[in-house]
Amino acid sequence: MVGGIGRALMRALEERFEAMEIQELYLSVDPENHPARSLYDSLGYRITETICEYFGEGGEDRLIMKKVLHTAQSSSLSPCR
């Protein structure tokens, strides 16, 4: 199964983060890593930014991807509390 282990690991991490009431997850990925990008996209991550030379001058470019977890959408607390 393609992406089976990676998908299972990502879902397990997301469940833990949701239990910790973490609202947003960010990750970076090589723009040329199409299998990873496809996995992250299928899990609901969206590209928010491209950073050129992420690792310093002459370094690789990276895509920053973000996912909003369910806990953020279901929160009933006022932002002023």
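Located above this text is the structure these notes cover.
Heads up: these notes are all about the structure in this document. Note that the structure is a prediction, hence the values are computed from the model and not measured.

**With respect to the pattern of salt bridges**
Stage number 1. Enumeration according to the criterion identifies four salt bridges in this entry.
Stage number 2. The shortest N-O distance in the salt bridge between Lys 67 and Glu 14 comes to 2.9 Å. Of the two residues, Lys 67 sits in strand E3 (residues 62-68) while Glu 14 sits in helix H1 (residues 4-19), which places them 53 residues apart along the sequence.
Stage number 3. Taking relative accessible area as the criterion, Lys 67 reaches 14% and is therefore assigned buried.
Stage number 4. A salt bridge links Asp 41 to Arg 46, with the nearest nitrogen and oxygen atoms 2.7 Å apart.
Stage number 5. On the accessibility criterion, Asp 41 (41% relative accessible area) is partly exposed.

**Digging into the sheet that holds E3**
Stage number 1. Strand order in the open sheet formed by three strands is E1-E3-E2, with antiparallel pairing between adjacent strands. The open sheet is flanked by strand E1 (24-29) and strand E2 (46-51), the only strands paired with a single partner. With direction set aside, neighbouring strand axes in the sheet form an average angle of 25 degrees.
Stage number 2. Pairing between E2 and E3: five bridges, direction antiparallel. Across the sheet, the residue bridging to Glu 49 is Ile 64, located in E3.

**So, the nonpolar core**
Stage number 1. One finds Met 10, Leu 25, Leu 27, Val 29, Ala 36, Leu 39, Tyr 40, Leu 43, Tyr 45, Leu 63, Met 65 and Leu 69 forming the largest nonpolar core, which totals 12 residues.
Stage number 2. Only E1, helix H2 (34-42) and E3 provide two or more residues apiece to this core.

Definitions and cut-offs
Residues numbered from 1 in each chain as written. Predicted model: local features only at pLDDT ≥ 70, side-chain atom pairs only at ≥ 80, totals over all residues. Heavy atoms only, no water. Salt bridge = Lys/Arg side-chain N within 4 Å of Asp/Glu carboxyl O. Helix = DSSP H or I, 4+ residues; strand = E, 2+ residues; numbered from the N terminus. Buried < 20%, exposed > 50% of the residue type's maximum accessible area, 1.4 Å probe, protein only. Pairing = 2+ DSSP bridges. Axes fitted to C-alpha atoms, helices over the stretch in contact; angles between N-to-C directions. Core = buried A, V, L, I, M, F, W, Y, C linked by side-chain atoms within 4.5 Å.

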